[in-house]
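Take a look at the letters that make up each chain.
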Amino acid sequence: MHVSRFDLNLFVVFDAIYTEGSLTRAARVLNLTQPAVSHALARLRERLEDPLFVRQGARMVPTSRARAMVTPVRHALGGLQRCLSHEGGFDLGEAERTFVLGLRDGLEGCLLPPLISALVDEAPGIRLQSMTVPRRQLATELASGRLDLATDILLPLPESVQHRRVMQGPLVVMMRAGHPLAGNLDLPAYLAAQHVLVSSRREGPGMEDFGLSRLGYRRHIRLRCQHHQAALSTVMGSDLLLTLPELLARRLAPKGAHTEPLPVDIPGLELHLYWHRDQSADPGHSWLRQKVMAVMEQLSAHS
């Protein structure tokens, strides 16, 4: 089957259904009617001789053929989108574009306010969307064009994903004011205490736990939660400790919080900015990268 005889719009519908897991939500995203999406899926099923999606309860679940297709389809659609975005250059005053950023909890609250403030007057038509992307999907999302930039620790990603270190800083320990260890935190006390770990993953050690394990130490995690706000609220109402980057501690610390240096020499926070190499020549993307890097540099300088 030659691509010249294939309606490429069917792949746009395929991608939307795969992402949303629902014909109704896919129709909403594409600004189409549900019958139109159903008709497109029927055509695609006929051409590929595979059901592609089967209904399980309220969700459309991809078949093995669909799972094998999704990455090359997203690569192709992303390439086409990048071709279109290069036409006519990039006029800040006139550009209408949405950039998608992959940000971890905590950094979102530090980066987005100064970044959007810098864009309001300079680029009134630029919109930002922030989301959490699982690390195992980061390279695929960047390659597909569904994700423009991401910040994370140094990761083993393909050469097609470019990166630059944009932030580095130490870890600190946060506790409530009046905590028995305030002003009296040493390594034995730190290891004997109970801790909060912020992680979007269901299991596995945190960044600081890797450093501790290399030195033969292990701490007791009493609470594992997804967001720093929940962790901070817990710390302020208990004797649990929260280890976090100094940058976040300075910007997120609630009234009445007390911060101590981490009483052990382990690597601190090192953040990298990631993007796909196919985006490097995109003038709009290049402009946004420079803006993000500048904001990150300012945050580092003031931390």
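Residues numbered from 1 in each chain as written. Predicted model: local features only at pLDDT ≥ 70, side-chain atom pairs only at ≥ 80, totals over all residues. Heavy atoms only, no water.

- The name an unreviewed UniProt entry assigns to the chain is LysR family transcriptional regulator, from the organism Alcanivorax xiamenensis.
- Heading Sequence similarities (unreviewed entry) of the UniProt record for the chain holds this comment: "Belongs to the LysR transcriptional regulatory family." (UniProt positions renumbered as here; feature names shortened; annotations may be inferred.)

1. Here's the deal with the packing of helix α2 (residues 23–30) against helix α3 (residues 34–48)
Think of two packed helices as two axes; the pair is described by the angle between the axes and how far apart they sit.
And then number 1: Direction vectors running N to C along α2 and α3 enclose 105°, while the axes themselves pass 8 Å from each other. Regarding the angle of α2 to α3, the classification is roughly perpendicular. Of the residues in α3, those in contact with Leu23, Thr24 and Ala27 of α2 are Gln34, Val37, Ser38 and Leu41.
And then number 2: Considered class by class, the residues forming the contact of α2 with α3 number 4 nonpolar, 3 polar and no charged. (Axes fitted to C-alpha atoms, helices over the stretch in contact; angles between N-to-C directions. Helix = DSSP H or I, 4+ residues; strand = E, 2+ residues; numbered from the N terminus. Parallel < 35°, antiparallel > 145°, perpendicular 65-115°, else oblique. Contact = heavy atoms within 4.5 Å. Nonpolar A, V, L, I, M, F, W, Y, C, P; charged D, E, K, R; others polar.)

2. Quick look at the layout of surface pockets
And then number 1: Counted as a void, the largest pocket has a volume near 1200 Å³.
And then number 2: Taken together, 42 residues line the largest pocket, and the ones lying closest to its centre are Asp15, Val100, Ser144, Gly145 and Arg146.
And then number 3: Among the elements of the structure, α1 (9–20), α2, β2 (59–62), α4 (64–86), β3 (97–102), β4 (126–131) and α6 (138–144) are those that each provide at least two residues to the lining of the largest pocket.
And then number 4: Residues that form the lining of the largest pocket fall into these classes: 17 nonpolar, 14 polar and 11 charged.
And then number 5: The space that makes up the second largest pocket amounts to roughly 1000 Å³.
And then number 6: For the lining of the second largest pocket, the elements supplying multiple residues, two or more each, are α5 (107–122), β4, β5 (149–152), β8 (194–198), α8 (207–214), β10 (241–245), α10 (246–252) and β12 (269–276).
And then number 7: Of the residues that constitute the lining of the second largest pocket, the class distribution is 20 nonpolar, 12 polar and 9 charged. (1 Å grid on protein atoms, 1.4 Å probe; cavity = no way out; pocket = protein on both sides within 12 Å on 5 of 7 lines; lining within 4 Å. Points joined across faces, edges and corners; volume = space filled by probe spheres on them.)

3. So, empty space enclosed by the protein
And then number 1: Evaluated as defined, the whole model comprises 2 cavities of 30 Å³ or more.
And then number 2: Around the largest cavity sit Gly102, Leu103, Arg104, Met131, Thr132, Val133, Leu138, Ala150, Thr151 and Asp152, which together line it.
And then number 3: For the lining of the largest cavity, the leading source of residues is β5, giving 3 residues.
And then number 4: Residues of the lining of the largest cavity, tallied by class, amount to 5 nonpolar, 3 polar and 2 charged.
And then number 5: Empty space within the second largest cavity amounts to approximately 40 Å³.
And then number 6: Every residue lining the second largest cavity is listed: Leu101, Gly102, Leu103, Leu111, Leu149, Ala150, Thr151, Leu273 and Val292.
And then number 7: Among the secondary structure elements, those contributing two or more residues to the lining of the second largest cavity are β3 and β5.

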